[in-house]
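# Observations on the three-dimensional arrangement
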Number of protein chains: 2
Amino acid sequence: MNEHRRSGRQARQAERAHKGGGMGRPYITRNIPPYDIMGEESLQKIEAAADRILAETGIEFRDDDTALDLWRKAGAEVDGLLVKFPPGMLREVLKTAPAQFTQHARNPANSIQIGGKNVVFSPAYGSPFVMDLDKGRRFGTIEDFRNFIKLAQSSPNFHHSGGTICEPTDVPVNKRHLDMVMSHIELSDRPFMGSVTAEERSEDSIDMCRILFGSDFVEQNCVILGNVNVNSPLVWDGTMTKSLRAYARSNQAAVIVPFILGGAMGPVTSAGAIAQSLAETMAGCALTQLERPGAPVIFGNFLSSMAMRSGSPTFGTPEPAIGSMVIGQLARRLNLPLRCAGNFTTSKLPDAQAMMEGTMSMLSAIHCGANFILHSAGFLDGLLSMSYEKFMLDADLCGALHAYLDGVKVDDDALAVDAFAEVGPGNHFFGCSHTMAHYETAFWDSELSDNDPFEKWEAAGSVDAATRANKAWKRKLAEYQAPALDEGIRDGLNDFIAKRKEGMADAWY
Amino acid sequence: MNEHRRSGRQARQAERAHKGGGMGRPYITRNIPPYDIMGEESLQKIEAAADRILAETGIEFRDDDTALDLWRKAGAEVDGLLVKFPPGMLREVLKTAPAQFTQHARNPANSIQIGGKNVVFSPAYGSPFVMDLDKGRRFGTIEDFRNFIKLAQSSPNFHHSGGTICEPTDVPVNKRHLDMVMSHIELSDRPFMGSVTAEERSEDSIDMCRILFGSDFVEQNCVILGNVNVNSPLVWDGTMTKSLRAYARSNQAAVIVPFILGGAMGPVTSAGAIAQSLAETMAGCALTQLERPGAPVIFGNFLSSMAMRSGSPTFGTPEPAIGSMVIGQLARRLNLPLRCAGNFTTSKLPDAQAMMEGTMSMLSAIHCGANFILHSAGFLDGLLSMSYEKFMLDADLCGALHAYLDGVKVDDDALAVDAFAEVGPGNHFFGCSHTMAHYETAFWDSELSDNDPFEKWEAAGSVDAATRANKAWKRKLAEYQAPALDEGIRDGLNDFIAKRKEGMADAWY
C-alpha cells in the first residue's frame, strides 16, 4: 500500500488544503495508491502485442532524416520511412529517462515534481473555440487566451499554467507561440508549456526561457514542456519528431501523446488501442533519449471512443476511463512519469452531461496514477471549445481532488476514540472538543456548489451551477492581479519577440 | 488481480451489454477488482478503534427487551439499555452470516446474487419530495412512487426495483407499506424491498411475499430486503431492531446502515466516523445472526460530510467517496456483502453540480466493491427529493458503469495484432475487418448524451441534458408495459391488503 509518512511541512500544507477551498500546494503528493485493475498475465499480453506491432508492422517516421539516422544507429531496422524495432530495444533505450524530475517555475515556490507519487493539474489545451453563457461559441482570441491564464493563476486548485489553452486565432499562426509563451510568463508564475507546431517555434519557446531563467540554468534544469502528438496509427510526423528532439536537445521535457479514437486511428477494442498507444509512445519517448540520454520525458496517452452509428467521437465514456487505468500500470512498468486522461466531454453546455462525463474522465486520470494531468479544466464540445463556465466548475472539481488524493488519515486523533467516550451514545458531536479542534479543516469546501436547504436556495433565485460559474469567472477576472516580473527580463523578452516577428511575414495557416 | 474467466453465457451477456445501451443482465459480475486504498496497519487501527468503542463506550438498544436478552445470552455486558461487547465477540457471531446469497425475483430470470463480485443497482430510497422540470418540488404521492417503479422497470440499467423510492405522502403512514409492496410486485418483476418502519409492517411485507412466492419458498429463500438505520451515534432504536429481527427470523435479508453526517452523528474526522460505523454495523449484523444464525444480511454504510460554516450536510464530496473505499476493505475482511454509497448530491436541479457530485459519489460505490448499490438513481436536494430528470441521467450513468465494470478484455482478438498488419501505418481503421466485426458492440452507447457536432446540436435547438431527460421520462412512462402477474396471486394480495387496511384507522404521522 501507498501510505507514507509526511513531513511536518507537508502535513500542515495538507491541513490547509481542506480549508475554505484554498489548496495552495505547488503540487499534490498522493496519499492513496493508483488503481491497478489488470493482472500480470494480461499486462504481459498487451506488452507482447506492442512488441509485435513494433517489430512486425513498424512505425513510419516522415520528414525527419535525423530521426531515421538515430534509429538506424540504435539498432532498428529502417526501410525507407518505415522503422521496425527488435523486441526489447525500446525498453533498453528508455532506461536513461528519469522516473521523476522537477519543472521549475519562475517563482521557485511553484516549481513542481513530475513523476512518482506527485500529481499536477494543468488547464485544457488546444481548442480553436471558446464559449461562455453570454456570447456562445466563437473563435478564441489572444484576449481569451490571456483570460484563461489569469483564471488558472487565480485558482489555488491548479499547479501549472498550461500551454495552448485556446488557439489565439487573431494572431498569425507563425507568431502565436511568441505571444502565448510571453502571456504565460507575464500573467502566471507557475510552470508552463511551449510551442511544438514547428521546430523553430519550439526553439523560440526554449529561447524565451533562456531569457527568463538564464541559459546555464536551462541547460541543467527543466523549465518548459512541449506536448507532441503521434499521427496515429503508427506514424510520427517530422514536425513532431523535430520538436520533441528540440526539447530533448535542450534538456527540456517532451510529452509524448498518441491520440487514438478507437475505430478510427486504432482498433475499436480497448486492448488493441492500448497496445498501439504503448508502441507509439515508447517510440517517441525513446527518440528523446537517443537525442539526449537522460532528458526528461513524459509517457503520454489519450484514449477515446466513438459513437459507432454516427462516427462521432465520444468523450468521458467508460471504456477510455477504464483503459486509462491499464495505461497507468504500463507506464509504471516503464518507470516513466505519466500524462493520461483529463476532463473530457462532448457536451456543448456546462450541464449535467458535461460534468457526468467530465468527472468520470477526470477521476480516471486520478486513479490511473497520472502525474501531469493536462486538460484538467475547461473543455466542452469534444475538445473543440474552452468554456469559461466549465473552467470554473472543473477548477472546483480539481479542488475536491486535492482532498480525495489525501486519502484517509489514521492516527489516534483522527480515530477520535476519546470523543466517543466524551459524547456517548445518542448525543451529537457538534460542540465536542474533537469537533471544535477540527471543524475548520475537516472537509473540503466547494466554492461553487450550493449546499443550502431548498427553501433558502429558492429564495435566492433558484440559481443553477452554470450561472454561479458564470458569475465566478467574471469576479475572478476583475480581481486578478499579475505576479511581479523583473522589468529587465520583461524588456529582454519583448525585444526577442519584436526581433523574431520582424523577420517573418504573417502566416494564417 | 481480479480477472476471472467467464462462461460463454456471461460473455455473450457482456457483449450484448455494450450494444445500444441495452444491458439486460440480471446483475453485474465485476471484472475489475475493488480499489483498495488503505494499508494493513491502518485497517487494523480502525478495527481496533471500533473494538474499543464497542467495549468501552458501548451501544444503546432502546425499546427491545428481546434484543437485550439475545446480547446477554451471547456474552455481551448489558447494563440497562447499554450493551458493551468484549473484543472479538461480534466477529465471532458474524461467522454464520453468508458471504453471498440470492435474492429471488418473481421473474426467475431477474433473480440476483448479492455478495462476492456481483453488483446490483437499485433506485434511490426515502425522499419525501419529488421534482420535475415542469412542476418543481412537491410532496411525493403514490402516483409518483408507481411512476418511478415503472421507469426503473423500463430501464435495462437497473437490477432491482428498490423500496421506498419516494414517500407516498397521500397514503396514511400506517398503510403505505401495503401499497408500496403491492406496487413493486405489480409493476416490476425484479427483486424489491419491504417496509421497516414498524415490526408489523415488516411482517406484512414478508407476508405479501409469502402470497407471491409461497410460504415454503420464503422460509428457504431470500425474496425481500429491509433497510434498517442505526440512530447514530451508537443507538439502535427498537423499531429498527425489531424490524431487522423480523426479517432475519423469516430468513430475509436486513441491510444494516448507520447514517453518519461527520461532525453531527459522528466525529468530523473520516477515520473516527469509519470506526464508529464499523462498530454500529457489526452490532446490527450480529443481531440478525443471534435471531437466526445463517440469515442473509448486508453490511451497510452511509458516510457524508458537512459544510462546517453552515452546518448543512454535503453530499458527493471527496471525503465520503474516499472513505467508502475503506469501508469496502473492512466489509471484505468480515466476508459480508456490502451496501455503500450511491448517487448523492445537494444540488436542487439536474445541473452540472448534480452530476459532478453524483458521479464522484456513484463511482465510489463502484470502486469500494459495493454489492448492493441503493440510491443508484434519482436523488437531488441532499436526499430530500427524487427528481424525474435526475433519475434518467443517473440511469444512463448506471448503463455506463456496466461497461466500466466489465474492464478491459485481453485476448488475441481484442489485441487486434492482425488488424495492424492489415491496416498499416497511417491508414484508418474505419472499414477494416476487425472494426467491422466489433463496431456494433465495441462501446457503450449513451441514451441521453449528445455527441453530435456543435452545428448539428445547435440546429436541433441547443438542448441541454436536463431537457433531454425530461422528454425521456415522459416517453418511457407512455411506453411502459406492466409485466404479467398471475391473477390468483394478484387477488390474494389485494385481499390481504384490504383485510389489513380494514383493521386500522388512518394514521398520518
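Remember, predicted model here, so these are calculated numbers, not experimental data.

Whether parallel or antiparallel, the strands of a sheet pair through hydrogen bonds between backbone atoms. Residues and elements named next belong to chain B. Ordered by their spatial adjacency, five strands build an open sheet running β10-β11-β13-β15-β18, and the pairing between neighbours is parallel. Looking at strand neighbours, the two that pair on one side only are β10 (192-193) and β18 (338-340), the edges of this open sheet. Pairing between β10 and strand β11 (residues 224-229): two bridges, direction parallel. Looking across to β11, one finds that Phe192 is bridged to Ile224.

Residues and elements named next belong to chain A. Taken together, the side chains of Asp412, Asp413, Asp418 and Glu422 make up a negatively charged region of the molecular surface. Counting residues per element, the ones that place at least two in the negative patch are α14 (412-415) and α15 (417-423). Position of Asp412 among the secondary structure elements: in helix α14.

Residues and elements named next belong to chain A. As for its position among the elements, Ala395 is in helix α13 (residues 388-405). Using a relative accessible area of 6% as the deciding quantity, one classes Ala395 as buried. In the structure, Ala395 is positioned 231 residues away from Thr164 in sequence and 18 Å away in space, judged by C-alpha atoms. Apart from the residues within four sequence positions on either side, Ala395 is in contact with Ser155, Asn157, Phe158 and Ala377.

Moving on to unusual backbone geometry. Cis geometry is adopted by the peptide bond preceding Pro233(A), which originates at Ser232(A) and carries an omega value of 5 degrees. Positive phi outside glycine occurs at Asp63(A), with the angle close to 60 degrees. Counting through the fold element by element, Asp63(A) comes out in the loop between β2 (59-61) and α3 (65-74). On the basis of relative accessibility, which here comes to 60%, the residue Asp63(A) falls in the exposed class. The phi torsion at Leu234(B) lies on the positive side, around 65 degrees, for a residue other than glycine. Note that Leu234(B) resides in the loop between β11 and β12 (235-236). Since its relative accessible area comes to 0%, Leu234(B) is described here as buried.

Further remarks concern the interface of chain B and chain A. With 120 residues of chain B in contact, the opposing surface of chain A contributes 120 residues. Note on chain B versus chain A: buried area summed over both sides is about 9600 Å², and carbon and sulfur give 70% of it. The largest per-residue losses of area from chain B upon contact with chain A belong to Met356(B), Phe420(B) and Phe443(B), which jointly make up 8% of the total buried on that side. For the pair chain B and chain A, the number of links is four salt bridges.

With that settled, consider helix α7 (residues 199-213) of chain B. Spacing of three or four residues puts side chains on the same side of an α-helix, whose turn is 3.6 residues. All names here are of chain B. With 15 residues, α7 should cover 21 Å at 1.5 Å per step; its first-to-last C-alpha distance of 21 Å lies within 8% of that length. Among all positions of α7, only Arg201, Ser202, Asp204, Ser205, Ile206, Met208, Cys209, Leu212 and Phe213 are buried. For α7, the elements touching its buried residues are α6 (176-187), β10, α8 (215-220), β11, α9 (238-249) and α19 (487-502). With its phi angle positive at about 95 degrees, Gly214 sits one or two positions after the end of α7.

Our focus in this paragraph is the environment of Phe299(A). Residues and elements named next belong to chain A. Note on placement: Phe299 falls in strand β15 (residues 297-301). According to the relative accessible area criterion, Phe299 is buried, its value standing at 1%. Residues Phe299 and Val255, 44 residues apart in the sequence, show an inter-C-alpha distance of 6.4 Å. In this structure Phe299 touches Ile256, Leu278, Thr281, Cys285, Ile327, Ala331, Leu334, Leu336, Pro337, Leu338 and Arg339, once residues within four positions along its chain are discounted.

Bringing the relation of the copies chain B and chain A into the picture now. For the pair chain B and chain A, the relating rotation is 180 degrees, the translation along its axis is 0.0 Å, and the fit reaches an RMSD of 0.0 Å. With respect to symmetry, the two chain copies, as superposed, fit the operation of a two-fold axis. In terms of C-alpha distance to the rotation axis, chain B has Ala352(B) as its closest residue, with the C-alpha 2.2 Å off the axis.

This brings us to the side chain of Asp144(B). One can find Asp144(B) in helix α5 (residues 142-154). Among all residues touching Asp144(B), those that are not within four sequence positions of it are Val130(B), Arg138(B), Phe139(B), Cys166(B) and Tyr388(B).

This brings us to the confidence of the model for chain A. This prediction gives chain A a mean pLDDT of 94; 95% of its residues lie at or above 70. Long-range and interchain partners of residues 1-22 of chain A, a stretch whose pLDDT sits below 50, account for 53 contacts in this model, where long-range means more than four residues apart.

The next point concerns the pairing of strand β5 (residues 100-103) of chain B. All names here are of chain B. Alternating residues of β5 divide into Phe101 and Gln103, all buried, and Gln100 and Thr102, none buried. Of the pairings in the sheet, the one linking β5 to strand β6 (residues 112-115) comprises four bridges and is antiparallel in character. Pairing of Gln100 across the sheet is with Gly115, part of β6.

A few words on the sheet that holds strand β19 (residues 372-373) of chain A. Residues and elements named next belong to chain A. Sheet architecture is open: three strands sit in the order β1-β7-β19, paired in mixed fashion. Only two strands of the sheet have a single neighbouring strand rather than two, namely β1 (28-29) and β19. Alignment of strand β7 (residues 118-121) against β19, held across two bridges, turns out to be parallel. From the neighbouring strand, Phe121 faces β19, where its bridge partner is Ile373. On the sheet, α13 packs against β1 and β7 and is oriented at approximately 175 degrees with respect to β7.

About the cut-offs
- Residues numbered from 1 in each chain as written.
- Chains lettered and ligands numbered in written order.
- Predicted model: local features only at pLDDT ≥ 70, side-chain atom pairs only at ≥ 80, totals over all residues.
- Heavy atoms only, no water.
- Pairing = 2+ DSSP bridges.
- Helix = DSSP H or I, 4+ residues; strand = E, 2+ residues; numbered from the N terminus.
- Patch = residues over 30% accessible without salt bridge, like charges linked within 9 Å, V, L, I, M, F, W, Y side chains within 5 Å.
- Areas by Shrake-Rupley, 256 points an atom, 1.4 Å probe, with all protein chains shown as cover.
- Salt bridge = Lys/Arg side-chain N within 4 Å of Asp/Glu carboxyl O.
- Lys, Arg positive; Asp, Glu negative; His and termini not counted.
- Charge placed at Lys NZ, Arg CZ, Asp CG, Glu CD.
- Buried < 20%, exposed > 50% of the residue type's maximum accessible area, 1.4 Å probe, protein only.
- Contact = heavy atoms within 4.5 Å.
- Buried area = accessible area lost by both parts, 1.4 Å probe.
- Expected span 1.5 Å × (residues − 1).
- Least-squares fit on C-alpha atoms with pLDDT ≥ 70 in both.
- pLDDT = per-residue confidence, 0-100.
- Axes fitted to C-alpha atoms, helices over the stretch in contact; angles between N-to-C directions.

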